[in-house]
Amino acid sequence: EVCKGNKEAAKDLIGAEPLPLPKQVLDARELGDCFALSQELPMDWASKRPEELTPGQFVELTRLIFGPKELNSGDENQEPLGKKVWRKLKHGSD
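Our subject in this report is the structure included herewith. (Residues numbered from 1 in each chain as written. Predicted model: local features only at pLDDT ≥ 70, side-chain atom pairs only at ≥ 80, totals over all residues. Heavy atoms only, no water.)

1. Topic: the side chain of Glu60
What counts here: Note on conventions: DSSP H or I runs of at least 4 residues are helices, E runs of at least 2 residues are strands, and numbering of each starts at the N terminus. Side-chain atoms alone can form a polar contact between residues adjacent in sequence; in general such a contact is a pair of N or O atoms within 3.5 Å, and within protein one must be able to donate a hydrogen while the other accepts it. Throughout, a contact is declared for two residues whenever any of their heavy atoms are within 4.5 Å.
Along the chain, Glu60 turns up in helix α4 (residues 55-66). There is a polar contact of 3.0 Å between the side chain of Glu60 and the side chain of Gln39. For Glu60, the contacting residues outside a window of four places in its chain are Leu21, Pro22, Gln39 and Leu41.

2. Thoughts on α4
Where we set the bar: Every helix has an expected span of 1.5 Å times one less than the residues it contains. We call a residue buried when its accessible area falls under 20% of the maximum for its residue type, exposed when it is over 50%, and partly exposed in between, using a 1.4 Å probe and counting protein chains only. When we speak of the arc, we mean the arc of directions from the helix axis to the C-beta atoms.
Here α4 spans 17 Å end to end across 12 residues, near enough to the 16 Å set by a 1.5 Å rise per residue. Listing the buried residues of α4 in full gives Gly56, Gln57, Glu60, Leu61, Arg63 and Leu64. Down the axis of α4, the sector holding all buried residues measures 160°, keeping them to one side. Looking at α4, the residues exposed on the side facing more than 90 degrees away from the buried face are Pro55 and Phe66. Close packing links the buried residues of α4 with α1 (7-15) and α3 (34-37).

3. A word on the side chain of Gln57
Checked against the element boundaries, Gln57 lands in helix α4. On the basis of relative accessibility, which here comes to 11%, the residue Gln57 falls in the buried class. At 2.8 Å, the side chain of Gln57 forms a polar contact with the backbone nitrogen of Thr54. With residues up to four places along the chain from it excluded, the contact list for Gln57 reads Ser38, Gln39, Glu40, Leu41, Pro42 and Glu52.

4. Quick notes on the pattern of salt bridges
Cut-off, in case you're wondering: For salt bridges, the criterion is a side-chain nitrogen of Lys or Arg within 4 Å of an Asp or Glu carboxyl oxygen.
Counted according to the given criterion, the structure contains four salt bridges. Across the pair Arg29 and Glu40 runs a salt bridge, and its minimum N-O distance is 3.1 Å. Separated by 11 residues along the polypeptide, Arg29 in helix α2 (residues 23-30) and Glu40 in the loop between α3 and α4 bring together distant segments of the chain. For Arg29, a relative accessible area of 24% gives the class partly exposed. Given the relative accessible area of 45%, Glu40 is considered partly exposed. Salt-bridge contacts for Lys48 lead to Asp44; the nearest nitrogen and oxygen are separated by 3.7 Å.

5. Thoughts on the environment of Glu52
In this fold, Glu52 is placed in the loop between α3 and α4. Judged by relative accessible area, which is 45%, Glu52 ranks as partly exposed. A distance of 2.7 Å separates a polar atom in the side chain of Glu52 from the backbone nitrogen of Arg49.

Fair warning: the whole summary comes from geometry, so function is off the table for now.
Here it is in structure tokens:
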């Protein structure tokens, strides 16, 4: 759940401006990385429809909602990722 079920915190999050991009993304933008160049969320991100966001913006939206995760941080207390969200088969196939 968003903000661990705290409705007030979720409301504040949706009304807030997007977080600044991480250093790795800023570095990639300087190198001209196409994905990183399209990663910054627009100021009105909460009013956008999903099809109006780029894949990079979805990454930022996930970081905004669930918080940054450090790769290989060695933190043994890190929460598990949870359920898989990708389907193995397309809809309608038998």
